[in-house]
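One letter stands for each residue in the lines below.
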Amino acid sequence: MYHISKDAFVMAAYCPKNEGAPYGITVDKLKPRSYSMIWAFKLNKQRLKHEGFGATKVNGTLYPDSEYPGCPYCGSQTIAICNCGAAMCWHGEKVTKCPGCGQMCEWQMVESITMTGGKI
């Protein structure tokens, strides 16, 4: 059983393979600038608007925990983050339409990312 630290937060994400369906990712701090995705769960669009998912902002590397189940819609354990800040499932595409802002995004690998979320 995973013990969640006081630094854990929930990051909103979208599943492009399921019409941009929203879900939450529980993210926990492993060490300075290193974070782990530990859980994912479905969210409805109404809850997404009212939860304050932008209150926490951190920058660092993000890894799936060994028990991370992935997106609750498609199972992807990999995410991409658009310039608008929206996180979404990533399946290796070079270009994807962002469910957050609607812009076409060309993806590249980066060393660290900025994540936004809300405290648990």
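On a predicted model such as this, the values are computed, not experimentally measured, just so you know.

Participant: Honestly, unusual backbone geometry in this entry has me stumped. Any pointers?
Facilitator: With glycine set apart, most residues show a phi of negative sign, and most peptide bonds adopt trans. Its identity as a non-glycine residue notwithstanding, Glu 19 has a phi of 55 degrees, on the positive side. By the element assignment, Glu 19 lies in the loop between β1 (9-15) and β2 (21-31). Look at Arg 33: it is not a glycine, yet its phi comes out positive at around 65 degrees. Tracing the sequence through the fold places Arg 33 in the loop between β2 and β3 (34-42).

Participant: Help me out: how do you make sense of the environment of Ala 12 in this one?
Facilitator: Within the secondary structure layout, Ala 12 lies in strand β1. When the C-alpha atoms of Ala 12 and Lys 42 are compared, they prove to be 9.8 Å apart, with 30 residues separating the residues in sequence.

Participant: How do you make sense of the pattern of salt bridges when you look at a structure like this?
Facilitator: Once their charged atoms are close, side chains differing in charge can pair, the charge on each being opposite to the other. Following the criterion strictly, the structure yields one salt bridge and no others. In this structure, Lys 6 engages Asp 7 in a salt bridge whose closest nitrogen and oxygen atoms are separated by 3.6 Å. For Asp 7, a relative accessible area of 29% gives the class partly exposed.

Participant: Any chance you could explain the nonpolar core here in plain terms?
Facilitator: Here is a general trend for soluble globular proteins: nonpolar side chains tend to be buried in one another's company. Formed by 18 residues in total, the largest nonpolar core has its most connected members in Met 11, Tyr 23, Ile 25, Leu 62 and Ile 79. For this core, the secondary-structure elements that each account for two or more residues are β1, β2, β3, β4 (56-64) and β6 (87-89). Looking at which element gives the most residues to this core, the answer is β1, with four residues. The next biggest cluster of nonpolar side chains, apart from the first, holds eight residues, and it includes Ala 80, Ala 86, Cys 105 and Trp 107.

Reading guide: rules and limits
- Residues numbered from 1 in each chain as written.
- Predicted model: local features only at pLDDT ≥ 70, side-chain atom pairs only at ≥ 80, totals over all residues.
- Heavy atoms only, no water.
- Helix = DSSP H or I, 4+ residues; strand = E, 2+ residues; numbered from the N terminus.
- Salt bridge = Lys/Arg side-chain N within 4 Å of Asp/Glu carboxyl O.
- Buried < 20%, exposed > 50% of the residue type's maximum accessible area, 1.4 Å probe, protein only.
- Core = buried A, V, L, I, M, F, W, Y, C linked by side-chain atoms within 4.5 Å.

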